[in-house]
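# Results of the structural survey
What follows is each chain in one-letter form.
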Amino acid sequence: NHGPWFGPGKYLTDYCTDQAVAAIQKNRHRPFFLYLAHWGVHSPLQASREDYEALGHIQDHRKRVYAAMIRSVDRSVGRITETLKALGLEDNTLLIFTSDNGAPGYIGIPEVNQPYRGWKLTFFEGGVRVPYVAQWPSRWSAGQRHTAPVTGMDVFTTVAAAAGAQIPTDRPMDGLNLLPHLQPQARPQAERPLFWRDGPYRAVQFEGWKLISAHRPERQWLFDLRTDPTERRNLIASRPDKR
């Protein structure tokens, strides 16, 4: 904003967590929405000395820094959940933990997304399959596993429904409200196609199948994720009907 560059004064993950905890404490007597988007784990790979020194059993320097960054995010999640618990808010708070994409290939850790293929900026599973964990103790029992494909766009629709908010009706919403599918004796989630696009690079996933189409060079991949989740067998030539 045309002023001095901002400096957090401490490791960024910890600073952002401090602000999140303060926001929860300030709004504890009224409904609130908190969106905490950590820069880590992300390039440049930079860890705090405390987290780095705690992982001396990792010999490779780059992997140790990366793991230390993960440790800082783990600590952040712990502080958030402990704050909710201490304020008596845990049972009636919907908490979602997820990521925007898989790890990139340019950080110098080629196996970072194993066993999945590809990295950030690709539509292979290594680029689009991410952690997606939620808890709402007053509404859901622990240990459930939702196996139908979901997407980041579902967060908006689900959170709006949880809060009883009216979403706009003058435009289509691609996100799915997941609440009806997460209750005890919930009805199964119907299959729906999921789409990705980055310029001419495109993909679609439906009923366990995924088609990826690239440009420059022209190439296509077709995978049956139910039998080949690590995308080792390209079926584009043998299954033209499915393509």
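Below, the structure is looked at part by part. (Residues numbered from 1 in each chain as written. Predicted model: local features only at pLDDT ≥ 70, side-chain atom pairs only at ≥ 80, totals over all residues. Heavy atoms only, no water.)

### Re the side chain of glutamine 205
Topologically, glutamine 205 is positioned in strand β4 (residues 201–206). Residue glutamine 205 is classed as buried on the basis of its relative accessible area of 12%. Those residues in contact with glutamine 205, other than ones at most four positions away along the chain, are Glu125, Pro149, Arg192, Pro193, Leu194, Trp196, Lys210 and Leu225. (Helix = DSSP H or I, 4+ residues; strand = E, 2+ residues; numbered from the N terminus. Buried < 20%, exposed > 50% of the residue type's maximum accessible area, 1.4 Å probe, protein only. Contact = heavy atoms within 4.5 Å.)

### Structural notes on the environment of methionine 173
Tracing the chain through its elements places methionine 173 in the loop between α5 (154–163) and β3 (194–198). Along the sequence, methionine 173 and threonine 157 sit 16 residues apart, while their C-alpha atoms lie 7.9 Å from each other. Discounting chain neighbours no more than four positions away, the residues touching methionine 173 are Phe156, Ile167 and Pro168.

### Overview of a nonpolar patch on the surface
Taken together, the side chains of Val77, Phe97 and Val133 define a hydrophobic patch exposed on the protein surface, amounting to about 230 Å² of accessible area. Residue placement: valine 133 occurs in strand β2 (residues 132–135). (Patch = residues over 30% accessible without salt bridge, like charges linked within 9 Å, V, L, I, M, F, W, Y side chains within 5 Å. Areas by Shrake-Rupley, 256 points an atom, 1.4 Å probe, with all protein chains shown as cover. Salt bridge = Lys/Arg side-chain N within 4 Å of Asp/Glu carboxyl O.)

### Notes on the packing of helix α1 (residues 12–26) against helix α3 (residues 61–86)
Relative to each other, α1 and α3 sit at 10 degrees, their axes nearing to 10 Å. Considering the angle they form, α1 stands roughly parallel to α3. The segment α1 lies against α3, with Thr13, Asp14, Thr17, Asp18, Ala20, Val21, Ile24 and Gln25 engaging Ser72, Val73, Arg75, Ser76, Arg79, Ile80, Thr83 and Leu84. Considering only residue class, the contact of α1 with α3 consists of six nonpolar, six polar and four charged. (Axes fitted to C-alpha atoms, helices over the stretch in contact; angles between N-to-C directions. Parallel < 35°, antiparallel > 145°, perpendicular 65-115°, else oblique. Nonpolar A, V, L, I, M, F, W, Y, C, P; charged D, E, K, R; others polar.)

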